[in-house]
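Chain residues, written in single-letter form:
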Amino acid sequence: MTADDRPARYAYLGPRGTFTEAALLTLPGAAEAEHVPYATVPAVLEALRRGEADTAVVALENSVEGSVPTTLDELATGEPLQIVGEIHLPVSFALLVRPGTAMDDIKTVASHPIAQPQCRRWLLDNVPHAEWRAATSNAEAAQHVADGHYDAALAGSFAAARYGLAVLAEDIHDVADAVTRFVVLQRPCTPPAPSGTDKTTVAAFIGEDHPGALLEILTEFSVRGINLTLIQSRPTGAGLGSYLFWMDFEGHVADARVGEALMGLRRVCSDVRFVGSYHRADRVQPEIRRGTHDDDFAQAATWLESIRTGRG
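Residues numbered from 1 in each chain as written. Predicted model: local features only at pLDDT ≥ 70, side-chain atom pairs only at ≥ 80, totals over all residues. Heavy atoms only, no water.

Caption draft 1: Examining the sheet that holds strand β14 (residues 243-250) more closely. Strand order in the open sheet formed by 4 strands is β13-β14-β12-β15, and the pairing between neighbours is antiparallel. Strands with a single pairing partner mark the edges of an open sheet, and in this sheet they are β13 (228-235) and β15 (271-279). The sheet shows a mean angle of 15° between the axes of neighbouring strands, taken without regard to direction. Taken together, the 7 bridges between β13 and β14 define a ladder with antiparallel strand orientation. What sits directly across from S233, in β14, is F245. (Pairing = 2+ DSSP bridges. Helix = DSSP H or I, 4+ residues; strand = E, 2+ residues; numbered from the N terminus. Axes fitted to C-alpha atoms, helices over the stretch in contact; angles between N-to-C directions.)

This is the structure we're talking about:
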């Protein structure tokens, strides 16, 4: 419940029956919350920014297709929002059709653009003459099939009952054990307390393109023993050659090594957006190199102060 005793509102990519909704339902307390579907990722995030929702859940990365550009761009350049958690959801698709449809009847297959590449080989082998159609979500694709606009949809098998469809084939994928990473977002707030298995996300903007610009950024992490788990360049929209770097890395903003790295980034970049420190879904503990523990930074600061004050 929220402070005004109403159920918490969660915004997510709809309609009902998306993988995003399935991810949302794994969160503690989600069953008692109000779930509000939106047609697009930007609409989900704007609902959170406007206060129409308390929390939002959106896809950020897929183990087969990589990052979701719309999510990265919206979080890097829109009004600030903050990641407070992440969810790893195994994803496998089903081919949903209207009852009575056979494989040979399928001339069009709809899905979200992220889903189609994960099943490209399967589609070529099983429905080689079918044309693919884009939908804003896999559940919307299922809805279009139910309405008679397309012959089949790639979606979660759990969406079949919701839209009155039949599962013609399931466990569809080109790469086994695919996982989609979803992030849980709120308006800017104090980050969750460090857990020892944390991740931090930032967007770093390069002021001017010059030789070694990326190296300058990476050095801030390397010299402090911080492992990057994702780095993605994205255009800022300010003109050709203007880029930002979206980065996930091990550690929490409360850790001395992470704080020092963020200060270093702020010195060498034109801007740095802090997007969040949060618990890792996989609970992997980072390997902290000698000389980069919090105590090491504290001792080094004490040593420097002793020199500056003549007590060295």
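Once you've had a look at it, read on.
Caption draft 2: Looking closely at the packing of helix α8 (residues 213-222) against helix α9 (residues 256-268). Where α8 contacts α9, the two axes come as close as 9 Å, and the packing angle between them is 165°. Judged by the inter-axis angle, α8 sits roughly antiparallel to α9. Regarding α8 and α9, the two cross each other, and that crossing is right-handed. Counting all contacts with α8, which are made through E216, I217, E220 and F221, the residues of α9 involved are A261, G264, L265, R267 and V268. A breakdown of the residues in the contact of α8 with α9 according to their chemical character gives 5 nonpolar, 1 polar and 3 charged. (Parallel < 35°, antiparallel > 145°, perpendicular 65-115°, else oblique. Left-handed = near helix turned anticlockwise from the far one by under 90°. Contact = heavy atoms within 4.5 Å. Nonpolar A, V, L, I, M, F, W, Y, C, P; charged D, E, K, R; others polar.)

Caption draft 3: Focus on the environment of V202. Here V202 is to be found in strand β12 (residues 198-205). Separated by 73 residues in the primary sequence, V202 and H129 place their C-alpha atoms 44 Å from one another. Those residues within four positions of V202 in sequence are excluded, and the remaining contacts are F245, W246, M247, F249, L262, L265, V272, R273, F274 and V275.

Caption draft 4: Representation of the pairing of β14 in the model. Counting buried residues along β14, 7 of its 8 residues qualify, which places the element largely inside the surrounding structure. Bridge count between β12 and β14: 7 bridges; the pairing is antiparallel. Counterpart to A203 in the pairing with β14 is W246. (Buried < 20%, exposed > 50% of the residue type's maximum accessible area, 1.4 Å probe, protein only.)

Caption draft 5: Layout of the packing of aromatic side chains. A complete count under the given rule lists 3 aromatic pairs for this structure. Measuring from ring centre to ring centre gives 5.4 Å for F19 and F158, while their planes differ by 85°; the resulting arrangement is edge-to-face. You can see F19 sitting in helix α1 (residues 19-24) and its partner F158 sitting in the loop between β9 (152-155) and α7 (159-163), a full 139 residues away along the chain. Plain terms: the ring middles of F221 and F249 are 4.8 Å apart, the flat faces sit at 55° to each other, and that makes the pair tilted. Here F221, found in helix α8, pairs with F249, found in strand β14; they are 28 residues apart in sequence, far enough to count as distant. Note on F221: relative accessible area 1%, which makes it buried. Each member of the aromatic cluster is reached from another via a ring pair, and the members are F19, F93 and F158. (Phe/Tyr/Trp six-rings, centres within 6.5 Å; stacked < 30°, edge-to-face > 60°.)

Caption draft 6: Geometry of the environment of G14. Among the structural elements, G14 can be located in the loop between β1 (9-13) and α1. Residue G14 is classed as buried on the basis of its relative accessible area of 3%. Here the alpha-carbon distance between G14 and V145, two residues 131 residues apart in the chain, equals 16 Å. Sequence-distant contacts of G14, that is, excluding residues within four places in its chain, are made with P37, Y38 and S137.

Caption draft 7: Inspection of the sheet that holds strand β8 (residues 131-134) at higher detail. The 5 strands are arranged β8-β7-β9-β6-β10 in an open sheet whose pairing can be described as mixed. Sheet topology places β8 and β10 (166-172) at the edges, where each strand pairs with a single neighbour. Strand-to-strand twist of the sheet, defined as the mean angle between neighbouring strand axes without regard to direction, takes the value 25°. Strand direction decides the pairing type here: strand β7 (residues 108-111) and β8, joined by 4 bridges, are parallel. In the sheet register, T108 faces β8, and the bridge partner there is E131. The sheet contacts of helix α6 (residues 138-146) involve β6 (93-97), β7 and β9, and relative to β9 the element is tilted by about 160°.

Caption draft 8: Focus on the side chain of N138. Its place among the elements puts N138 in helix α6. At 2.8 Å, the side chain of N138 and the backbone nitrogen of H112 are in polar contact. The contact partners of N138, leaving out residues within four places of it in the chain, are F19, F93, S111, H112, A115, L154 and A155. (Polar contact = N/O pair within 3.5 Å; in protein donor to acceptor, adjacent residues only side chain to side chain.)

Caption draft 9: The pattern of salt bridges, seen in detail. The tally for this structure, following the rule as stated, stands at 17 salt bridges. For E86, the salt bridge identified is with K199, shortest N-O distance 3.2 Å. Within this pair, whereas E86 is found in strand β5 (residues 82-90), its partner K199 is found in strand β12, the two being separated by 113 residues in sequence. Residue E86 is classed as buried on the basis of its relative accessible area, which comes to 9%. Relative accessible area serves as the criterion here: at 6%, K199 is assigned to the buried category. With a closest N to O distance of 3.7 Å, D125 and R121 form a salt bridge. Of this pair, D125 and R121 both sit in helix α5 (residues 120-126), 4 residues apart, roughly one helical turn. (Salt bridge = Lys/Arg side-chain N within 4 Å of Asp/Glu carboxyl O.)

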